[in-house]
Structure formats: structure tokens, C-alpha cells
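Residues per chain are reported as follows:
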Amino acid sequence: MAPKHKHEPPPPPPEDVNPFGIFVTITIPDATVVLDLPADAPQDPASHRKTHITLNLPGCHTPWASPPTAPSEGNVYHYTVVKHFRRTGGQDGLSQLMNGTVAVTINDSVTNAVLASATIDQMWGFAIGQNTWSADGQDLTPLEEVPAGVPKALSARLSFMSIELHERQLPPGADAAALAAAPPPESELPPLLPYSFVTPEFAETGNMVELVVTDISPVPSQLQTANDLAGGKVTVAAAVKLPGSGPTVVVHLPLAGGQAVVPALRREQMTAEACTELQYHLEDGQPLLVEVARYVAVEHFSDPAWEAYHAMAPATAAFRSLLAAGATSNAAEALPLTMFTTADGAKSYIPPYTPPPGKSKPIEEPPPPGTCFWEKIGARLSISFRLARPIIPPWQPPPPPPRSLLEMIPPRDLTPKPPPATAADDFKAKVRKVARALAEEYKSLLPPPGSLDGSGEGGGAEARHKALVFELNRSGKYAQMRDSLKASVVALVREKYRKSGSMSPNEMALLYNDLYGTLLAAMHSALNDMIDTAAARPREPLPEPVPDKQRLGQLLELAAQAEALGDVSRAEALHQRRLLARTNAQVWYEYGTYCLRRGSRGRAEQCFREALSLEPTHRPSLLALLGCSVAEGRATDPAYLEAAEAAAHRLMEVSGQPTLEQWAIMALVYKAYGDARRNELNSCEQEMSRLEQEATAAAAAAGTLGVNTPRQLDPVTGEEVPVLGEMQARAFITLATSLLKTISLPSEALLALELAAGLRHWPSASVESHREAKLISALAETALGQGAQAAEALLAPGGPMIQLMRAGGATAWRSKLLTAKLYRAQGAIEEAIRFYQEYLDEARQQGLLAQVELQVWLELAGCYMARGQQRYAADVYLLGAAAAPRCAVLWRGAGECFALEGDLPSADMCLTEANVLDPEDPRAWGWLALVALKEGRQEDAEKALSFGLRCGLDDVGVLSKIADEYKATGQLRDQQRVLQELANKLQPQSFPLRAALARCLAAQHMGPEAAREVAAARELAVSEEEMAEVAEIEEALRGMAS
């Protein structure tokens, strides 16, 4: 073979020609290079000098070079490159690529001298599942120094460049070695397909961390001495161990010229779990350290001074910048290096020193214990770090709903519309016009002010009248006024009588009288309106049959009392009366909440929509509609959640400055969607965390941080800092309370508590927050109607109720009430009374009796009534009435108990008070009638009973007692009337009532009527005793007939 010329280009490097496997494909469609060549010497051989482009990837032993290219016109070089580099797979192959770069150079083809170069550091994206990188307009940097005789590059530019990962899989059953030795033609190969080193799950959630050491100086002099002895095989390593399952990132720095070669970097992959652990580690204020150590990579040298070169530098403050939303990088400059110690709980994660096997000699003398060469010379470390993705993504507000709430529920125009114009209105308008014209004419005839009218008393007015009539007839104005009214009269006839001008004289005669009266009334109305307006005496508007604000409040209170008693029909009737105020949004909202308590969610939703159509900014209705929509969406159709989302956004708009509570409401909606809206839920929680941090920082700066705010020690500073998450937890607990107590949606309240329990810092929340959440959870479970099983679990020894009551505080007090209710539901009256009394005793001690709910008084009194202790029940009612003197139900309850005990004066007083507070309560009238009868006040009893029946008295018990009292006093006719009311209207299927009515009629010798009632009683009789009673009454009737 002929020897090679020294100026010939080197042979191309050997290539891996196996067409199957993993490939890194580099594509450069067009690269342009301009050399510094003399433009006036086109024949110079140098003007035809060839160049080529080279590519060098991690794992290449020699760079790949393109064929030499001659310049085009203008001494400009163009290249087109598409090159596939085969690489190994697995974690090693990925690590090599993600930590490497692509070197692109333009070389002189004769001398292989580099004319321009660029380093592309973009393959780190392969670590997170990206398999393509591309960029437009990549410039290469021309070299200033080139060999003699080689022209310099003026410019070099890649118009476009891409780096892609591909894979060509081996055909099934093919021999890999045979195909690698003799690859088939390109046309027969299967296509290259996109490839990723990582799984789809990691590509979506994984991350990559990069640690760069930018400086470490000064360097102990012993390091360079040891490096010279080891032949340059001494390195300095800097490492950071990320918490939990996170990687240990180790950067190895070679030494040269007594300094560490910087910058140097290292990249490692991070799982989603490792990112979360890093976030929590930083949020908790836990320290992060950078470790530094020396390594000798020569087997015949040992390193007795390894501990002296093992140092650390704190980097917590720099890494905490990653907690900012969207943050991915930061740098720490001049961190002081100190001796590594485990005194503060630090643990070393850098690769430990391992002595070489066999005989070895120390590379330097061992220093005294406790020596740190880095600390001794005041060395400092500078680093930077970067994540491929932020551990806390940039905050994105939740997207607006597909349809806004204002589109779903358009606001209603409450402006009163003018009544439609009629012919009568047109006639009145023309009458007013004629009247004003007459007034102007008459005014012109009046004498000037201050002058005397010499025509005598009354003569001036008569003369002016004659002059006015003369002038109107002379000028033709009278005819004009008359004709102007004709069209209106004709239109009125057509409108009112449906007649036209073609009527016969007889038909017209029939209309004249009525038409004359109509026109005269319209004229008087128009003239009177003019007079009232001129005199500034507007007519009083007719009173509207709509309750005023005070009456609305009274009706609401009475409806709540009826609801507490279980009188659903009266509660519904009172709410319907309130709905006469149809333009009042609050009235519709309150009726909607009543419907929710009754279990009519669809009807309630209609009420809330009506309220929002009247007042689009009504916040209680917005929250209630949101809660109903969430409940319907979870239970029936997810489409309802769109209305909930729209209501949540509307709440944000109405508030102007959203608070933690409103973001909690938004989070509830996205929680109801499930995993489909997880990103939006994360956005809500992220914003809540930011708001809490701002509020906590502001309170701490102003010194207004609550005494009960939970605190923890900062591990870095050692100072007490507030625990994050408390305000977020309270927001969710407040929302749960509103959903349960105000809107009666226990399932959604539990969902809000689930959000609170899922908070990052929920375990660190205050004890009171945990107790409150437990209590609300217990109330919600009870409200869901899980029956005796739920009560048994809650009341079990060591169960939730026992724990809450033992804890003390306001939660313990409220827990006693729930415990009493649970025992009452189980039928354990004695235990229920005990806990009710304890609850009321604490309320009395704390001055909170006025806050005790009506239901509590009624339930405790009911427990005493169940034991037959009417006097104790009366005392409970009176205690409640003292706390709420405007509550008619409590006064009536006390009166009933006194009446049953025989204390008629006390009963009359209490029932009278109840009657004054609620004159339409039929039971109060009924008991007043009974008391009056027992006291011998027949007239008062008749009036009270009459009013009670008129108000709808349907209490069988009190009516039966009244009937018995009439019987006892011999008033059979009155007894008959009451029994007929009971037997015919209230309980027509009651045998005892039919039998009593038959006896009453028989006692009055009303045989036919008594016989009819006996026949009805026979049809209702089912037992032998009842049949015997019927036979006895029939025998008495037969005896009466004979």
C-alpha cells in the first residue's frame, strides 16, 4: 500500500454497523460556514479548500466526520447531515447520554484543524422521557488560533439541529449476530421508531436533578502533591444526598495546576416520590448538606488522611428556593467548608473510603485527629443545581367553567313594567292636553297682578267665562279640541265594546249611557291626577299583601318552631306565606334550606336558583346551590358538577379577593370530580398554602399570631415557627360545618373533612382542629341515618364520643349534646337525660343558655314526659323560655305539662303567653279551651275551641280530653260536636271514637244517628271486646226504641 501523504485527512473512525438497537439520530439539514478567504484571488488553490463537519457523542472513541465538502459560490460551505449513532440501552446507556454533550466542529479537511465548534448540552431530556430536542439557528464559535496556512472561519451556523432517540427492533426469530455481520440493505430494514429510556409513567411524573460545582477554592496544597504522586488519579468529590428515596448526586473534580477543574456536573433521575420527599423535607425546614471528600484511585496508595478531607457545607437555604411555585434552579456561592461531623444527626452518604487490597503505602502522613484541611485554609464551595421539572409546579388558576353561572341562571329584571297603553289611557292623555290648553287660554284673560276688576263681585269671572267661550268658538280651537277627542272615543268603543262606526242607531243607543259614564269617569280621573300633582298630594299606594321585614322574621321563627316539633304541614304553610315576598332572595334561600332538611334536594335547588336570579351576588345561595350540585353530581349525574364549578367561580368573582374558605369550596368541587380534575385540585391547595404563608408571615410580623397557633422548632435556626396547614385545615372544617348545619348535606361535609385530613400538615394541626373534625364527622355520620349501628360505634367504650368528652374545651361540651341524642335514639332515656343535663349545666355556667337550640329543650322535656315526670318537663320548658322568651313553643309546652299536672292557673298563664306570641297556633287554643273547661269558664272555652278549629286544630289527644271534659260536665251536645270533628275528619277509622260518638248520641236519644254510628263501629271492630261493645250499644238502642 502506498504511504499516506501527511496532508491527507485521517481515515474515518470504525463504525458499529449493526442496524438494530437504540440509536441517537442527529439531523442537521443545513450548516453554513464562511471562511476568511481573499475575494480577489479566485484561482488560488486555497479557495478550493475542503472542510467537513464532525460530531462527537458520549461513547464515541473517535468523532464521526462527514465527507469533505468544497465551497460553493462565494466561498460558502454547506452541509447536510443525518447520522444514526448506535448506543447501548439500560440505565448505563441513559446515564452516559444524560451526563454527556454533543460536540459539533467544523474542520479543515486537509489538516483536520478545528475552525469552529459548539457544544450541545441537551440530552438530559432523555432522563425524563423526552426523545426529541431541536433548535433553530445554532451558531458555532470560530477559533481564533488555527495552524499556519489554514484560513479562519468568519462564521458558522447550523440553521436547524435535532437530536432524537430511535429504536429498530430485531425481527422475531432473527439471528442478531448474523444480521450484525451482514446487515440487509437499507430498503429492507424496518423503520426507526421513537424510543424512550423510561416508562410512560416516569415520563409523566419523573424528574432529573443536576448538581454543578462552579468553584472550590482554595485547595489544600497537599492535594496537588498527592495527585502528582498518584499520577493524576486523585479527585475531589462533592455530593448531595436528596432525602428519602432521592439519589445521591456525586460530582468528581479532577485536579490540575493545584486547582480543581471546574465547572463539573452530574445528573441523576428522581422519582415522583423522591420529589415529594424533597418538598416535604424542605417545608419541614430539615437541613441539606453538601459533602466534600478526596479519593485516590491508585491501588498501591492508601489514604490515611481521608477524614481530614471529608468536609461539609450547609445548602438548606439555597435549596429552599425550590419551594417557590415553578422554581427549578438556584445557586449557592461561597459556602464555608467545615469538618464533617455527626453531632447534629448528620449522616454521610458520600461513597466511604475503602483501603486498597494488599500492601500499600500512605499517600501522605496521617494528620492529627480532628483536622480538616478545608476548614483550616478557609476553603469555600460554590454550587448550582437545577431540576428538570419544579417540585411545586407554577400555579395555574383553575380554568373557567364551560358556562358561567350568569349564563345558567340569567338575572331577572325586577324593574316594574309599565302597563300596556289602552284607548282609555290615550283618551285621558288628550283630556289632560285639552285641560292644559284651556288653562292657558283662561290665564290669558286674567287681569295683570295687582290690578282691580271693576265689573263688580263675581262679574269679572262671568265676563271672563263669556270671553273664553267666545274666543274658543271664534278661533276654532274648540272645534279642534273636540275633534282631537273623537279618534280616542272611537278607539275606546272598538276596544271595550268590540263595535265599529257602522252600528245602527238602536245599537248606538244601547251604548250611549255606558259610554258616557266611562268617558266621564276617565275625564274625572285625568283631571284629578292633574290636580293632585299640582297640589303635590300624590295618592297613597294600595298596601300590598306582602309581609314586611319584621313579619318575615316572625314567620321564619314560627316555621322553625313548627319544624322542631315535627309539625311539617304548619312549617310548610308558614314558609309559603313568606314566599309572598317573591322578590326577596333571602326568603327563597331560607325556604330552600328548609327543603334540604326535609330531604327535597331538587326543590331546594330550584329555590336557590330562584334566589340567584333575583340577586346574583347572594353568597349563601351560591354556596347552597354548589352543595346541592355536588351532591347530585356524586349521587346521580356528574353533569351537575358543572353547575357546582360555575357557582364556585361565581363565589370567587363576588368576593373580589378570594379567601382560604373560598378556595376550600373550589377544592371541594374538584375533589368531587375525582382524578379527572386532580390538577385543578392541586392548584386550589397550592393557592391555599400560599395564602396561609402570607397570612402567617403578616401576623408574625405584626405580633398578632394567636396564642393557640401550633408551633414547631426550625431545625436550622432553632427558633419557634408557626406550623403550616392549620389555617387550611380550619377552612375545610368551617366549610364542613356550613355544609352540615346550614345546608344539611352530611356526605359533602365528610368530603370536606377528607380534604382536611389529606393536607400535608394535617398531623401537625392543632388539637382543637382534630377534635372539631372528629365531632363534625360524628354529627355527619349520625345525620346520614346509619341508625343504631353508627350510634353503637360512636358510644363504644373508648370510642369517639368518650375521647371527645374527656378532651375538654368547647368540643367536649358539644360532644355531650351529641352523646345525649345518640342515647335518646337508642331508647336509653336515663343516659340521655344525664348528658342533656350536663350539657345545659355547662351552658348555664358559661352564660350560653341563649345559644342552646330549641331542639335540645324539646328533646329533654320529651324524655321527662316519656317517664311521666310532667313537672320536670315543665321546669325544662320554663328554663328554655327564660333563655328564649319569644319562643311560643316552649311556653305552650310548659302550659301542657302544668295542665296534665292539674296546675290550672300556671297552665293558663303559660298557654296565654304562647297564644300571644303565636295567635295562629291551634294547639295553644285547644289547650286553653281544655283549661277553661276545667276551671268552669264555658264561654272562654267555646271561644278558644272555635278559634282552634278555625286554625286547623288536629291534635287528637287534646280534642279527646275536651270531649271527656264535656261529658263529665254533662254537656252532651258539645261533646257530640267534638267527637264528630274527631271521628269524621281526623280519625275516621278509629273504633273507640265511633263507639264514643254512638254512646253520646244515644244518651241524647238520637236513635237514628246513633244507629248509623253503631253500624260504622261494627265495620271497624276487629276484636271480641270491640264486638261485645257494639252489641251492648245496640242493645241499649233497642231498649230506648221500645
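The residue numbering used here restarts from 1 in each chain and proceeds along that chain's sequence as written. Totals for whole chains, interfaces and linings use all residues, but because this is a predicted model, local features are given only for residues with pLDDT of at least 70 and pairs of side-chain atoms are given and counted only at 80 or more. Computation of side-chain values covers all heavy atoms of the structure but excludes hydrogens and water.

A.B. asks: Quick question: what am I supposed to make of the overall build of the protein here?
C.D. replies: Put simply, DSSP marks the helices as runs of H or I at least four residues long and the strands as runs of E at least two long, and each gets a number from the N terminus on. Tallying secondary structure elements over the protein gives 38 helices and 23 strands in all. Based on the C-alpha atoms only, the size of the protein along its principal axes is roughly 150 × 100 × 75 Å. Buried, partly exposed and exposed residues are distinguished by accessible area as a fraction of the type maximum, computed with a 1.4 Å probe on protein chains only: under 20%, between the cut-offs, and over 50%, respectively. When burial is assessed residue by residue, the protein has 43% of its 1042 residues classed as buried. Residues are treated as being in contact if the distance between any of their heavy atoms lies within 4.5 Å. Considering only contacts in the protein between residues 6 or more positions apart, those separated by 24 or more positions represent 69%. Total accessible area on the protein stands at roughly 53,000 Å², and carbon and sulfur atoms take up 55% of it. Just so you know, the count uses Lys and Arg for positive and Asp and Glu for negative, and it drops His and the chain ends. Note on charges: their place is set at NZ of Lys, CZ of Arg, CG of Asp or CD of Glu. The positive charge centre, built from 94 side chains, and the negative charge centre, built from 124, are 6 Å apart in the protein. Using a 1.4 Å probe, the Shrake-Rupley method yields the accessible areas, and only the shown protein chains count as cover for residues.

A.B. asks: Please clarify how the confidence of the model for the protein should be interpreted in this entry.
C.D. replies: Low pLDDT means the predicted coordinates in that region are not meant to be read closely. Looking at the protein, pLDDT values average 86 and 92% of them are 70 or higher. The pLDDT value expresses, per residue, how confident the predictor is, ranging between 0 and 100. Low pLDDT, under 50, characterises residues 1–7; the stretch is placed with 2 contacts to residues that sit more than four places away or in other chains. In this model, residues 454–458 is a region of pLDDT below 50 whose contacts with residues beyond four sequence positions or in other chains number 1 contact.

A.B. asks: I tried to follow the pattern of salt bridges on my own but got confused; where do I start?
C.D. replies: Close approach of charged atoms allows side chains of opposite charge to pair. By definition, a salt bridge exists where a carboxyl oxygen of Asp or Glu is found within 4 Å of a side-chain nitrogen of Lys or Arg. Scanning the entire structure with this criterion turns up 56 salt bridges. Asp284 is paired through a salt bridge with Arg760; the nearest N and O atoms lie 2.7 Å apart. Here Asp284, found in the loop between α5 (272–283) and β15 (289–296), pairs with Arg760, found in the loop between α22 (746–757) and α23 (767–783); they are 476 residues apart in sequence, far enough to count as distant. Classification of Arg760 as partly exposed rests on a relative accessible area of 26%. Close ionic contact of Arg892 with Asp921 constitutes a salt bridge, the shortest N to O distance being 2.7 Å. Of this pair, Arg892 sits in helix α30 (residues 888–901) while Asp921 is found in the loop between α31 (904–917) and α32 (922–934), placing the two residues 29 residues apart along the sequence. Asp921 sits in the buried class, given a relative accessible area of 6%. Linked by salt bridges that have partners in common, Lys816, Glu831, Arg834, Glu838 and Glu842 make up one network.

A.B. asks: Please clarify how the sheet that holds strand β11 (residues 234–241) should be interpreted in this entry.
C.D. replies: In any sheet, the strands associate via hydrogen bonds between backbone groups, in a parallel or an antiparallel arrangement. The antiparallel open sheet is built from 6 strands, whose spatial order is β13-β12-β11-β15-β17-β19. The strands lining the two open edges of the sheet, one partner per strand, are β13 (259–260) and β19 (338–339). The pairing criterion for strands is at least two bridges between them, as found by DSSP.

A.B. asks: Please explain helix α28 (residues 854–866) as it appears in this structure.
C.D. replies: An α-helical turn contains 3.6 residues, so a residue and the one three or four places further along point in the same direction. Expected span of a helix, by definition, is 1.5 Å for each gap between consecutive residues, and there is one gap fewer than residues. The end-to-end C-alpha separation of α28 is 18 Å, in line with the 18 Å expected for 13 residues at 1.5 Å each. Where α28 is concerned, the buried positions are Leu854, Val856, Trp857, Leu858, Glu859, Leu860, Ala861, Cys863 and Tyr864. The secondary structure elements touched by the buried residues of α28 are α13 (549–565), α26 (809–826), α27 (829–845), α29 (870–883) and α30. The first or second residue beyond α28 is Gly868, which carries a positive phi of 80°.

A.B. asks: Before we go on, may I ask you to explain α22 in this structure?
C.D. replies: Between its first and last C-alpha, α22 extends 16 Å over 12 residues, near the 16 Å set by a 1.5 Å rise per residue. Listed as buried for α22 are Pro746, Glu748, Ala749, Leu751, Ala752, Leu753, Leu755 and Ala756. On the buried face of α22, the contacting elements are α17 (619–635), α19 (660–673), α20 (678–702), α21 (726–742) and α23.

A.B. asks: Quick question: what am I supposed to make of the packing of helix α9 (residues 423–445) against helix α11 (residues 477–497) here?
C.D. replies: Orientation of α9 relative to α11, taken along the N-to-C sense of each, is 165°, at an axis distance of 8 Å. When the axes of α9 and α11 are compared, the pair comes out roughly antiparallel. Remark: the crossing between α9 and α11 carries left-handed chirality. Residues Ala423, Ala424, Asp426, Phe427, Lys430, Val431, Val434, Ala437, Leu438 and Glu441 of α9 pack against Lys477, Met481, Ser484, Leu485, Ala487, Ser488, Val489, Ala491, Leu492 and Glu495 of α11. Note on geometry: axes are C-alpha line fits, over the in-contact stretch for helices, and angles between N-to-C directions span 0 to 180 degrees. Angle categories are assigned with fixed cut-offs, so that under 35 degrees is roughly parallel, over 145 is roughly antiparallel, 65 to 115 is roughly perpendicular, and the rest are oblique. Whether a crossing is left-handed or right-handed is set by the direction in which the near helix is turned from the far one by less than a right angle, anticlockwise for left-handed and clockwise for right-handed.

A.B. asks: Even after reading the chapter, I still don't get the pairing of strand β21 (residues 380–387), so can you show me in this structure?
C.D. replies: Relative to β21, strand β10 (residues 207–217) runs antiparallel, the two being bridged by 8 bridges. By the bridge assignment, Leu211 is partnered in β21 with Phe385. The pairing of strand β18 (residues 329–336) with β21 spans 6 bridges and is classified as antiparallel. Directly across from Asn330, in β21, lies its bridge partner Phe385.

A.B. asks: What should I look at first to understand unusual backbone geometry in this one?
C.D. replies: A negative phi angle characterises most non-glycine residues, just as the trans form characterises most peptide bonds. Cis peptide bonds are those with omega within 30 degrees of zero, and the linkage from Ser217 to Pro218 qualifies with -10°. Here Pro218 shows up in the loop between β10 and α4 (221–229). The step from Val262 to Pro263 runs through a cis peptide bond, and the omega angle for that step is 0°. Tracing the backbone through its elements, the reader meets Pro263 in the loop between β13 and β14 (264–270). With a phi close to 60°, His1005 is a non-glycine residue in the positive phi region. Here His1005 is to be found in the loop between α36 (991–1003) and α37 (1007–1020). The exposure class assigned to His1005 is exposed, which follows from its relative accessible area of 62%.

A.B. asks: Where do I start with empty space enclosed by the protein in this structure?
C.D. replies: Picture a little ball the size of a water molecule; that probe, rolled over the atoms, points out where space is still empty. Definitions used for this entry: grid spacing 1 Å over protein atoms alone; cavity, a set of points where a 1.4 Å probe fits but cannot get out; pocket, an open set with protein on both sides within 12 Å along at least 5 of 7 lines; lining residue, one with an atom within 4 Å of a point. Grid points are joined across faces, edges and corners, and a volume is the space filled by probe spheres set on the points. This model, assessed by the stated rule, comprises 3 cavities of 30 Å³ or more. A volume near 70 Å³ is recorded for the largest cavity. Forming the boundary of the largest cavity are Leu558, Gln561, Ala562, Leu565, Asp567, Arg570, Ala888, Val889, Arg892, Asp918 and Asp921. Only α13 and α30 provide two or more residues apiece to the lining of the largest cavity. At 4 residues, α13 tops the list of elements feeding residues into the lining of the largest cavity. Residues are grouped as follows: Ala, Val, Leu, Ile, Met, Phe, Trp, Tyr, Cys and Pro are nonpolar; Asp, Glu, Lys and Arg are charged; all remaining types, including Gly, are polar. Of the residues that constitute the lining of the largest cavity, the class distribution is 5 nonpolar, 1 polar and 5 charged.

A.B. asks: Sorry, what's going on with the UniProt feature "repeat: TPR" (unreviewed entry) in the protein here?
C.D. replies: UniProt positions are given in the numbering used here, feature names are shortened, and annotations may be inferred rather than shown by experiment. What UniProt calls "repeat: TPR" (unreviewed entry) maps, in this numbering, to residues 585–618. Secondary structure content for residues 585–618 is 79% helix and 0% strand, while the C-alpha to C-alpha distance between its ends is 7 Å.

A.B. asks: Help me understand the packing of α22 against α23 in this model?
C.D. replies: Helix-helix packing: each pair is described by the crossing angle between the helix axes and the interaxial distance. The contact between α22 and α23 brings their axes to 9 Å, and the two run at 155°. When the axis of α22 is compared with that of α23, the two are roughly antiparallel. Between α22 and α23 lies a crossing of left-handed hand. Along its contact with α22, which presents Pro746, Leu750 and Leu753, the element α23 presents Ala773, Ile776, Ser777, Ala780 and Ala783. In terms of residue class, the contact of α22 with α23 is made up of 7 nonpolar, 1 polar and no charged.

A.B. asks: Just checking my understanding: could you explain the UniProt feature "coiled-coil region" (unreviewed entry) in the protein for this structure?
C.D. replies: Here, UniProt's "coiled-coil region" (unreviewed entry) annotation points to residues 674–701. The distance from the first to the last C-alpha atom of residues 674–701 is 39 Å, and the span holds 86% helix and 0% strand.

A.B. asks: I'm lost on the environment of Glu277 in this one. Help?
C.D. replies: By the secondary structure assignment, Glu277 is in helix α5. Judged by relative accessible area, Glu277 falls into the partly exposed class, the value being 29%. In the structure, Glu277 is positioned 33 residues away from Gly244 in sequence and 6.0 Å away in space, judged by C-alpha atoms. Setting aside chain neighbours within four positions, we find Glu277 in contact with Pro243, Gly244, Ser245 and Gly246. Polar side-chain contacts of Glu277 include one of 2.6 Å to the backbone nitrogen of Ser245. N or O atoms closer than or at 3.5 Å make up a polar contact, with two conditions inside protein: a donor-capable atom paired with an acceptor-capable one, and, for residues adjacent in sequence, both atoms drawn from side chains.

A.B. asks: I tried to follow the sheet that holds β21 on my own but got confused; where do I start?
C.D. replies: The strand order across the open sheet formed by 4 strands is β14-β10-β21-β18, and the pairing between neighbours is antiparallel. Strands at the two margins of the open sheet, each flanked by one partner only, are β14 and β18. Neighbouring strand axes in the sheet, compared pairwise and without regard to direction, differ in orientation by 20° on average. Relative to β14, β10 is paired through 7 bridges, and the arrangement is antiparallel. Bridging across to β14, Asn207 finds its partner in Met270. Contacts between helix α1 (residues 90–98) and the sheet are confined to β10 and β14, with β14 contributing the most and set at about 135° to the helix.

A.B. asks: Mind showing me how you'd approach the packing of aromatic side chains here?
C.D. replies: Any pair of aromatic rings gets described here by the distance separating the centres and the angle formed by the planes. Each Phe, Tyr or Trp ring (for Trp, its six-membered ring) is paired with any other whose centre lies within 6.5 Å, and the angle between the two planes then decides the class: stacked below 30 degrees, edge-to-face above 60, tilted in between. Here the structure, examined in full by the defined rule, presents 13 aromatic pairs. Ring centres of Phe319 and Phe385 lie 4.0 Å apart, and the angle between their planes is 5°; on these two criteria the pair is classed as stacked. Pair noted here: Phe319 is in helix α6 (residues 316–319) and Phe385 is in strand β21, with a separation of 66 residues, a long-range link. As far as the burial class goes, Phe319 and Phe385 line up, both buried.

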